[in-house]
Amino acid sequence: MTSSFYPPQRTLMGPGPSDVSSRVLGALARPTIGHLDPVFLTLMDEIKELLQFAFQTNNALTLPVSAPGSAGMEACFVNLVSPGDKVIVCQNGVFGGRMKENVERCGGIAVMVEDAWGEPVSIEKVAAAFDEHPDTAILAFVHAETSTGVQSDAKALCALAASRGVLTIVDAVTSLGGIEVAVDEWGVDAMYSGTQKCLSCVPGISPVTFGERAVERIKARTHRVQSWFLDMQLVMGYWGGDSKRAYHHTAPINNLYALHESLVMLQEEGLAAAHARHRHNHLALVAGLEAMGLGMAVAPEYRLPQLNSVLIPEGVDDAALRAALLNEFDLEIGAGLGTLAGKTWRIGLMGFGSNERNVLYCLNALEAVLLRQGAGITSGKALPAAHAVFGKQ
Ligand SMILES: *Cc1c(COP(=O)(O)O)cnc(C)c1O
């Protein structure tokens, strides 16, 4: 007979999922109720308001898509891109490539603006692409590129798109909760995120928000949205503001309890305080890594505090090191991807996992395994350097 499954107690410091707090895990275990129960409808309304707070928006069409971040991405593209639409897609890592896939599967024409992995999206290149393609309908880009640890200037890119009368689709899967996201102030038209990065909730839900211009575009569609499940006109019938909510699909009830709890925690802490915490822990981690003699892969001004790309020193066995961290320290960090595969590690300090304990634990474990592999690092300096940032010399 197969017995119950008990996972090991890991410390998750990769690119997501991040550590989930006991408060959120506790919320998951509350009794399941019906998805049309009046009490559940109250919960839905509260989640909507909490998401509006997290996204900093008054957009009425703000809701959690019942599937992971990739489904939020797809929801934005299938609803906004019609066959023949030209979409400028910025690519400086893995996720821009997925946007291109989405545009093409919607019958759109993807115009790629490419930047090196580890660099932000170039505003100048996007402006040049607009000049070359004045018939562009949408600009799509990733705010926080999790594959490289780079932050792009979402505010400037949205302002540029607005000046050309072009809608924006912005990937905020890794940014939401970790760095500033201001949908209304920046004039974002459509944005999607995920629950398992800086919101530190379990994976499987994707918060999305659509502004007025995007809603108009959806209503004016002449081609039916190719996805039945992600068609916002249908989803709105269930998540819409009015009282007559119609069955569309069975919402992941308990996952939504968890999302609600994680958003309540974000509200209790406050957005500015959450961002400051991410930044502080990032600075301590970097101080420790640099004191050890390791280098960061991204220039300081573009670094994401929640995703730290570290250069792997010469002669170190990448896979063996990550396996040792996992097996001996129950610590997960991420491998490099694409052009950075084998060259970088990705250390996440996301949401609940962005804390002093994780910074110190990771530095300690990394130093121990690197020394054992004979890497030429400086021993004994990392923890004091991190402690100094934490004000605990
Ligand atoms: C993780 C991630 C996604 C995909 O989210 P899933 O929940 O894994 O489907 C999309 N974009 C970015 C930037 C991400 O980091």
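Structure: above.
Residues numbered from 1 in each chain as written. Predicted model: local features only at pLDDT ≥ 70, side-chain atom pairs only at ≥ 80, totals over all residues. Heavy atoms only, no water.

1. Some details on helix α11 (residues 271-292)
Link 1 in the chain: End to end, α11 covers 32 Å across 22 residues, agreeing with the expected 32 Å (1.5 Å per residue, within 8%).
Link 2 in the chain: Within α11 the residues assigned to the buried category are Leu 271, Ala 274, His 275, His 278, Asn 281, His 282, Ala 284, Leu 285, Val 286, Gly 288, Leu 289 and Met 292.
Link 3 in the chain: With its phi angle positive at about 100°, Gly 293 sits one or two positions after the end of α11. (Helix = DSSP H or I, 4+ residues; strand = E, 2+ residues; numbered from the N terminus. Expected span 1.5 Å × (residues − 1). Buried < 20%, exposed > 50% of the residue type's maximum accessible area, 1.4 Å probe, protein only.)

2. Comments concerning unusual backbone geometry
Link 1 in the chain: Omega for the bond connecting Gly 16 with Pro 17 falls within 30 degrees of zero, at 5°, which places this linkage in the cis form.
Link 2 in the chain: Examined against the element boundaries, Pro 17 turns out to sit in the loop between β1 (11-13) and α1 (22-28).
Link 3 in the chain: The phi angle at Gln 56 is positive, at roughly 55°, despite the residue not being glycine.
Link 4 in the chain: Looking at the secondary structure, you find Gln 56 in the loop between α2 (38-55) and β2 (61-65).
Link 5 in the chain: A positive phi is found at Asp 330, a non-glycine position, where the angle reads about 55°.
Link 6 in the chain: Mapping Asp 330 onto the fold places it in the loop between α12 (318-329) and β12 (331-335).

3. Here we look at the site of the ligand
Link 1 in the chain: Taken together, Pro 68, Gly 69, Ser 70, Phe 95, Val 142, Ala 144, Thr 146, Asp 171, Val 173, Thr 174, Gln 196 and Lys 197 make up the full set of residues adjacent to the ligand.
Link 2 in the chain: Interatomic distance of 2.7 Å between a side-chain N/O atom of Lys 197 and an oxygen atom of the ligand.
Link 3 in the chain: Look at the ligand: alone it shows 380 Å² of surface, and the protein chains cover 90% of it.
Link 4 in the chain: For the shell around the ligand, the residue count by class is 5 nonpolar, 5 polar and 2 charged. (Near = heavy atom within 4 Å. Polar contact = N/O pair within 3.5 Å; in protein donor to acceptor, adjacent residues only side chain to side chain. Areas by Shrake-Rupley, 256 points an atom, 1.4 Å probe, with all protein chains shown as cover. Nonpolar A, V, L, I, M, F, W, Y, C, P; charged D, E, K, R; others polar.)

4. Some words on the pairing of strand β10 (residues 206-210)
Link 1 in the chain: Summarising burial for β10: 5 of the 5 residues are buried, a large majority.
Link 2 in the chain: Side-chain alternation along β10 places Ser 206, Val 208 and Phe 210 on one buried face and Pro 207 and Thr 209 on a second face that is also buried.
Link 3 in the chain: Examined bridge by bridge, β2 and β10 share 5 bridges and lie antiparallel to one another. Bridge pairing links Thr 62 to Thr 209 in β10. (Pairing = 2+ DSSP bridges.)

5. Some points on the packing of aromatic side chains
What describes a pair of aromatic rings is the distance from one ring centre to the other and the angle between the planes of the rings.
Link 1 in the chain: Going through the model one piece at a time under the given rule, you end up with 1 aromatic pair.
Link 2 in the chain: Looking at Arg 357, its charged tip hangs above the ring of Tyr 361, at a distance of 5.0 Å from the centre. (Phe/Tyr/Trp six-rings, centres within 6.5 Å; stacked < 30°, edge-to-face > 60°. Lys NZ or Arg CZ within 6 Å of the ring centre and 35° of its normal.)

6. As for the sheet that holds β10
As a general point, the strands of a sheet are linked pairwise by backbone hydrogen bonds and lie either parallel or antiparallel.
Link 1 in the chain: Taken in spatial order, the 7 strands line up as β2-β10-β9-β8-β5-β3-β4 in an open sheet, and their pairing is mixed. Only two strands of the sheet have a single partner each, and these edge strands are β2 and β4 (109-114). Adjacent strand axes in the sheet meet at a mean angle of 15°, parallel and antiparallel pairs treated alike.
Link 2 in the chain: Pairing of strand β8 (residues 167-171) with strand β9 (residues 190-192) involves 3 bridges; the strand directions are parallel. Residue Val 170 lies in a different strand from β9, and its bridge partner there is Met 191.
Link 3 in the chain: In this fold helix α5 (residues 123-132) packs onto β3 (86-91), β4 and β5 (138-142), with an angle of close to 145° to the strand it touches most, β4. (Axes fitted to C-alpha atoms, helices over the stretch in contact; angles between N-to-C directions. Contact = heavy atoms within 4.5 Å.)

7. Observations regarding the sheet that holds strand β13 (residues 344-348)
Link 1 in the chain: Here we have 4 strands laid out as an open sheet, ordered β1-β12-β13-β11, and mixed in their pairing. This sheet does not close on itself; its edge strands, each paired only once, are β1 and β11 (307-311). When the angles between neighbouring strand axes are averaged without regard to direction, this sheet yields 30°.
Link 2 in the chain: For β11 and β13, the ladder comprises 5 bridges, and the chain directions are antiparallel. Its bridge partner lying in β13, Asn 308 is registered against Ile 347.
Link 3 in the chain: Here α11 sits on the sheet and contacts β11 and β13; the angle it forms with β11, its principal contact strand, is near 10°.
Link 4 in the chain: Across the sheet, α12 touches β12 and β13, and the angle it forms with β12 is around 160°.

8. As for the pairing of β8
Link 1 in the chain: Here β8 lies mainly inside the structure; 5 of its 5 residues are buried.
Link 2 in the chain: A two-sided burial pattern is seen for β8, the buried positions comprising Leu 167, Ile 169 and Asp 171 on one face and Thr 168 and Val 170 on the other.

9. Concerning the environment of Ser 82
Link 1 in the chain: Examined against the element boundaries, Ser 82 turns out to sit in the loop between α3 (69-80) and β3.
Link 2 in the chain: In this structure the C-alpha to C-alpha distance between Ser 82 and Gly 108, which are 26 residues apart in sequence, comes to 6.3 Å.
Link 3 in the chain: With residues near it in sequence (within four places) discarded, Ser 82 still touches Cys 106, Gly 107, Gly 108 and Arg 221.

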